[in-house]
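# Structural overview for review
Listed below, chain by chain, are the residues.
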Amino acid sequence: MMDCRANCGACCIAPSISSPIPGMPNGKPAGVRCIHLTEDYRCAIFESIDRPSVCGGFMAELLICGNSRLEALNILAELEGCQSE
């Protein structure tokens, strides 16, 4: 287990989210930035009850987040591709 990396936001960009998000009723496709990701890569609805449960269940870990923001984006994009096959 690790703390979220500052200025990352990879988990709010790379994966698809099929559940509704406020302002994104159909969720979001992989590779699309969530509309609630702030300019400093923080979740604007982190404390909201409207935050999708899939987001609340995500836990930062080295295997998924890697050693940098770019590595996290690449790992999550690769995992997203594996899920669709």
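Structure: see above.
Note that the structure is predicted; figures quoted are calculated from it, not measured.

Attention now moves to the overall build of the chain. The helix and strand tally for the chain stands at three helices and zero strands. Along the chain, helices and strands appear, N-terminal first, in the series α-α-α. A compact globule built from 85 residues would reach a C-alpha radius of gyration of about 12 Å, and the chain, at 12 Å, matches this within 12%. Reported as C-alpha extents along the three principal axes, the dimensions of the chain are approximately 30 × 30 × 20 Å. Across the 85 residues in the chain, those meeting the buried criterion constitute 31%. Within the chain, residue pairs in contact and separated by at least 24 positions form 45% of the contacts whose partners lie at least 6 positions apart.

The next point concerns the packing of aromatic side chains. Within the structure shown, the criterion is met by zero aromatic pairs. In this arrangement the basic side chain of Arg69 is found over the ring face of Tyr41, its NZ or CZ atom lying 4.2 Å from the centre.

Another aspect to go through is the layout of surface pockets. Here the largest pocket is characterised by a volume of approximately 970 Å³. Along the wall of the largest pocket there are 39 residues; nearest its centre are Cys4, Cys11, Cys12, Arg51 and Phe58. Put simply, the parts of the chain that give the lining of the largest pocket at least two residues each are helix 1 (53-57), helix 2 (62-65) and helix 3 (69-83). No other element matches the five residues that helix 3 contributes to the lining of the largest pocket.

Within the fold, Pro20 resides in the segment before helix 1. Linking Pro20 and Asn74, residues 54 residues apart in sequence, is a C-alpha distance of 24 Å. Sequence-distant contacts of Pro20, defined by excluding residues within four places in its chain, comprise Pro25, Gly27 and Pro52.

With that settled, consider the environment of Leu76. Along the chain, the position of Leu76 falls in helix 3. Residues Leu76 and Gly66, spaced ten residues apart in sequence, show a C-alpha to C-alpha distance of 9.7 Å.

Rules and cut-offs
- Residues numbered from 1 in each chain as written.
- Predicted model: local features only at pLDDT ≥ 70, side-chain atom pairs only at ≥ 80, totals over all residues.
- Heavy atoms only, no water.
- Helix = DSSP H or I, 4+ residues; strand = E, 2+ residues; numbered from the N terminus.
- Rg over C-alpha atoms; globule rule 2.2 N^0.38 Å.
- Buried < 20%, exposed > 50% of the residue type's maximum accessible area, 1.4 Å probe, protein only.
- Contact = heavy atoms within 4.5 Å.
- Phe/Tyr/Trp six-rings, centres within 6.5 Å; stacked < 30°, edge-to-face > 60°.
- Lys NZ or Arg CZ within 6 Å of the ring centre and 35° of its normal.
- 1 Å grid on protein atoms, 1.4 Å probe; cavity = no way out; pocket = protein on both sides within 12 Å on 5 of 7 lines; lining within 4 Å.
- Points joined across faces, edges and corners; volume = space filled by probe spheres on them.

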